[in-house]
Amino acid sequence: LAKHPEIKALMKPDYNLIWVVVLMVLAQLTAFYLVKDLDWKWVIFWAYVFGSCISHSMTLAIHEISHNSAFGNNKAMWNRWFGIFANLPLGLPYSISFKRYHMDHHRYLGGDGIDVDIPTNFEGWFFCTRFRKFIWIVLQPFFYAIRPLCINPKPITRLEIINLLAQLSFDVVIHYLWGVKSIFYMLAGSVLGLGLHPISGHFIAEHYMFLKGHETYSYYGPLNLLTFNVGYHNEHHDFPNIPGKSLPLVKKIAAEYYDNLPQYNSWIKVLYDFVMDDTISPYSRMKRQLKGEVKQD
């Protein structure tokens, strides 16, 4: 910032995010209707080909919203309510809990017992062969859901209860209107999209140490178009209050800080290398013992 003070001008909400999220919700509602009378094989097909992409993209929209990118820091609660709305097509409550834990990830990156992005000791111990690492990738959404309860459980908040009740009500309405195939499409799309899927390469690309001494990596490939530029991950951790839309400008303005860092151009290759490289496992993360006062949401 001292060298490039113009970056401060990028620290503002991305109002286009609001309309993109609304359109994504409408797209999934349309899909729920269209799959209700299809054969099961086509429900599964469209859940993976289309629903999984929208679902994973929506989780990254929720990531943007967790940083108050939709309405700005002055309207924090507007972002929380909007996150609950964005959560609806995923089928499972996610938005409010994600916000609480994700802020810890930014404040205490790699903090032992705090950052729930760090795999558990069991994950590192058990998923150590190529086949087991492949299974671990398939089951990633389950580990991301269960891991906070094992590493850093937090008291349930009022907003989390509201998130849960809103989600259950939405699911009941969808089942009542269009039946079990629409519900299956919704839930399968979320599970498949966060598991063995090209976009899921970002889970591993962001912080797994393929090169010793480098714990955060950026990806500059085309899938950033579907993921609100989450691939610009060094830039995001440096400036978490800048919306994803503007992160390419951060890289352009401060190119001397980012261009020479290790980077990726393919999340599919990241997944392949993670499975096939015997020196990489869920243990390949930087873990820190935190000192001093720890403040959590």
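What you are looking at is a predicted structure, and each value in this text was computed from that prediction instead of being measured.

> Could you give an account of the state of the cysteines, with specific residues and numbers?
According to the stated counting rule, one finds 0 disulfides in the structure shown. Between cysteine 128, a free cysteine, and cysteine 150, which holds the nearest cysteine sulfur, the sulfur-to-sulfur gap is 19 Å.

> An account of the packing of helix α2 (residues 40-66) against helix α3 (residues 76-87) is requested, with residue identities and associated values reported.
Running from N to C, α2 and α3 cross one another at 175°; their axes reach a closest spacing of 9 Å. Relative to α3, the element α2 lies roughly antiparallel. Where α2 approaches α3, its residues Met58, Ile62, Ile65 and Ser66 are matched on the opposing element by Asn79, Arg80, Phe82, Gly83, Ala86 and Asn87.

> Pulling in residues and values, what's your account of the pattern of salt bridges?
A complete count under the given rule lists 13 salt bridges for this structure. Here glutamate 256 makes a salt bridge to lysine 3, at a shortest N to O gap of 3.2 Å. Here the residue glutamate 256 occupies a position in helix α13 (residues 255-258), and lysine 3 occupies one in the segment before α1 (16-34), the gap between them amounting to 253 residues. By relative accessible area, which is 39% here, glutamate 256 ends up partly exposed. Beyond isolated ion pairs, a larger network of salt bridges with shared partners links Asp104, Arg107 and Lys154.

> Give a description of the packing of α2 against helix α9 (residues 180-193) that names residues and reports values.
Two elements in contact, α2 and α9, have axes whose closest approach is 7 Å; the angle formed by their N-to-C orientations is 50°. Overall, the two elements α2 and α9 adopt an arrangement that is oblique. When you trace α2 past α9, the crossing you get is right-handed. Seen from α2, the contacting residues are Trp40, Val43, Ile44, Trp46, Ala47, Tyr48, Phe50, Gly51, Ser52, Ser55 and His56; seen from α9, they are Val180, Lys181, Phe184, Tyr185, Met186, Ala188, Gly189, Ser190, Leu192 and Gly193. Considering only residue class, the contact of α2 with α9 consists of 13 nonpolar, 7 polar and 1 charged.

> Tell me about the nonpolar core, and name the residues and values.
Core analysis: the largest hydrophobic core is formed by 35 residues, its most contacted members being Val21, Met58, Trp136, Ile204 and Phe274. Of all the elements in the fold, those that place two or more residues in this core are α1, α2, α3, α6 (130-138), α10 (201-205) and α14 (267-276). By size, the runner-up hydrophobic cluster in this structure holds 12 residues, among which are Ala31, Phe32, Val35 and Tyr185.

> For the UniProt feature "transmembrane region" (unreviewed entry) in the protein chain, give the residues involved together with the corresponding values.
Mapped onto this numbering, the UniProt entry annotates "transmembrane region" (unreviewed entry) at residues 17-35, 42-61, 81-98 and 184-205. With 100% helix and 0% strand, residues 42-61 has its two end C-alpha atoms placed 27 Å apart. Helix and strand shares over residues 81-98 are 61% and 0% respectively, and the end C-alpha atoms of the span are 14 Å apart.

> Lay out a nonpolar patch on the surface with the relevant residues and their values.
Among the surface-exposed residues, Trp42, Phe45, Trp46, Tyr48, Val49, Phe50 and Leu192 lie close enough to one another that they form a single nonpolar patch of about 600 Å² accessible area. Take the nonpolar patch: its biggest share by element is 6 residues, from α2. Positionally, leucine 192 belongs in helix α9. Accessibility expressed as a relative area gives 30% for leucine 192, which makes it partly exposed.

> Could you give an account of the packing of aromatic side chains, naming the residues involved and the relevant values?
Here the structure, examined in full by the defined rule, presents 24 aromatic pairs. A centroid spacing of 5.5 Å and a plane angle of 10° characterise the contact between phenylalanine 122 and phenylalanine 126, whose relative ring orientation is stacked. With phenylalanine 122 and phenylalanine 126 both in helix α5 (residues 121-126) and 4 residues apart, this pair spans about one turn of that helix. What makes phenylalanine 122 partly exposed here is its relative accessible area of 44%. When the centroid spacing of 5.3 Å and the interplanar angle of 80° are considered together, the rings of phenylalanine 127 and phenylalanine 143 count as edge-to-face. Residue phenylalanine 127 is found in the loop between α5 and α6, and its partner phenylalanine 143 is found in helix α7 (residues 140-151); the two are separated by 16 residues along the sequence. Among the aromatic residues, those joined into a cluster by ring pairs are Phe122, Trp125, Phe126, Phe127 and Phe143. The ring of tyrosine 144 is capped by arginine 147, whose NZ or CZ atom sits 4.8 Å from the centre of that ring. The aromatic ring of tyrosine 220 is capped on one face by lysine 251, whose charged end is 4.7 Å from the ring centroid.

> Lay out α7 with the relevant residues and their values.
Under the 1.5 Å per step criterion, the end-to-end length of α7 is 16 Å for 12 residues, consistent within 8% with the ideal 16 Å. Of the residues making up α7, those classed as buried are Gln140, Pro141, Phe143, Arg147 and Pro148. The buried residues of α7 occupy one face: seen down the axis, they fall within an arc of 165°. Exposed and facing more than 90 degrees away from the buried side of α7 are Ala145, Leu149 and Cys150. Those residues of α7 hidden inside the fold are in contact with α4 (95-107), α5, α6, α9 and α10.

What counts, and at which threshold
- Residues numbered from 1 in each chain as written.
- Predicted model: local features only at pLDDT ≥ 70, side-chain atom pairs only at ≥ 80, totals over all residues.
- Heavy atoms only, no water.
- Disulfide = S-S within 2.5 Å.
- Axes fitted to C-alpha atoms, helices over the stretch in contact; angles between N-to-C directions.
- Helix = DSSP H or I, 4+ residues; strand = E, 2+ residues; numbered from the N terminus.
- Parallel < 35°, antiparallel > 145°, perpendicular 65-115°, else oblique.
- Contact = heavy atoms within 4.5 Å.
- Salt bridge = Lys/Arg side-chain N within 4 Å of Asp/Glu carboxyl O.
- Buried < 20%, exposed > 50% of the residue type's maximum accessible area, 1.4 Å probe, protein only.
- Left-handed = near helix turned anticlockwise from the far one by under 90°.
- Nonpolar A, V, L, I, M, F, W, Y, C, P; charged D, E, K, R; others polar.
- Core = buried A, V, L, I, M, F, W, Y, C linked by side-chain atoms within 4.5 Å.
- UniProt positions renumbered as here; feature names shortened; annotations may be inferred.
- Patch = residues over 30% accessible without salt bridge, like charges linked within 9 Å, V, L, I, M, F, W, Y side chains within 5 Å.
- Areas by Shrake-Rupley, 256 points an atom, 1.4 Å probe, with all protein chains shown as cover.
- Phe/Tyr/Trp six-rings, centres within 6.5 Å; stacked < 30°, edge-to-face > 60°.
- Lys NZ or Arg CZ within 6 Å of the ring centre and 35° of its normal.
- Expected span 1.5 Å × (residues − 1).
- Arc of directions from axis to C-beta.

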